[in-house]
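Each chain, letter by letter, is given below.
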Amino acid sequence: MAMSAHRNHVRSLYKRALNTSLDWYPNRLTWRPIALQIRAEFEANRGEASPVRVQQLLRDTEDVLEEYQHPLPYKYPTAPGGTKYERNQWFENNQTM
């Protein structure tokens, strides 16, 4: 079943909101109530039928995400930009067997 572009966009915004909040609250015990609050806000607007109102909600959400962007977002150590990303690449490329 194919998903609509709107549904994908909303899911992307939801995931970005959770990741942004996780940057500010790295401890899962303090982050969980924030995640539940984010979920409740998305659920409250789930049945919105007015396209104009939906577009306004999406713009507002993107503005809030931009405003609360962490200056040093968490990156997994082995992800691009992480502290261990391609750390041993020279050794892997120059191994002789």
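Just so we're clear, the structure is a prediction, and the values are computed from it rather than from any experiment. (Residues numbered from 1 in each chain as written. Predicted model: local features only at pLDDT ≥ 70, side-chain atom pairs only at ≥ 80, totals over all residues. Heavy atoms only, no water.)

Trainee: What is the right way to read the overall build of the chain from this model?
Mentor: What the chain contains, in helices and strands, is 4 helices and 0 strands. Along the chain direction, N to C, the helices and strands of the chain fall in the order α-α-α-α. Taking 97 residues into account, the globule formula puts the C-alpha radius of gyration at 13 Å, and the chain, at 19 Å, lies well above it. C-alpha extents for the chain along the principal axes are approximately 65 × 35 × 25 Å. Per-residue burial for the chain yields a buried fraction of 15% across its 97 residues. Sequence-distant contacts, at least 24 apart, represent 52% of the contacts inside the chain between residues at least 6 apart. When the accessible surface of the chain is split by element, carbon and sulfur atoms take 55% of a total near 8,300 Å². (Helix = DSSP H or I, 4+ residues; strand = E, 2+ residues; numbered from the N terminus. Rg over C-alpha atoms; globule rule 2.2 N^0.38 Å. Buried < 20%, exposed > 50% of the residue type's maximum accessible area, 1.4 Å probe, protein only. Contact = heavy atoms within 4.5 Å. Areas by Shrake-Rupley, 256 points an atom, 1.4 Å probe, with all protein chains shown as cover.)

Trainee: Would you take a moment to explain a nonpolar patch on the surface for this structure?
Mentor: There is a patch of nonpolar side chains on the surface, built from Trp-24, Tyr-25, Val-64 and Tyr-68 and spanning about 410 Å² of accessible area. Position of Val-64 among the secondary structure elements: in helix H3 (residues 51–67). (Patch = residues over 30% accessible without salt bridge, like charges linked within 9 Å, V, L, I, M, F, W, Y side chains within 5 Å. Salt bridge = Lys/Arg side-chain N within 4 Å of Asp/Glu carboxyl O.)

Trainee: What is the right way to look at the nonpolar core in this model?
Mentor: Proteins that are soluble and globular tend to have nonpolar side chains buried together. One finds Leu-13, Ala-17, Leu-18, Trp-31, Ala-35, Ile-38, Val-54, Leu-58 and Leu-65 forming the largest nonpolar core, which totals 9 residues. For this core, the elements supplying multiple residues, two or more each, are helix H1 (5–24), helix H2 (28–44) and H3. (Core = buried A, V, L, I, M, F, W, Y, C linked by side-chain atoms within 4.5 Å.)

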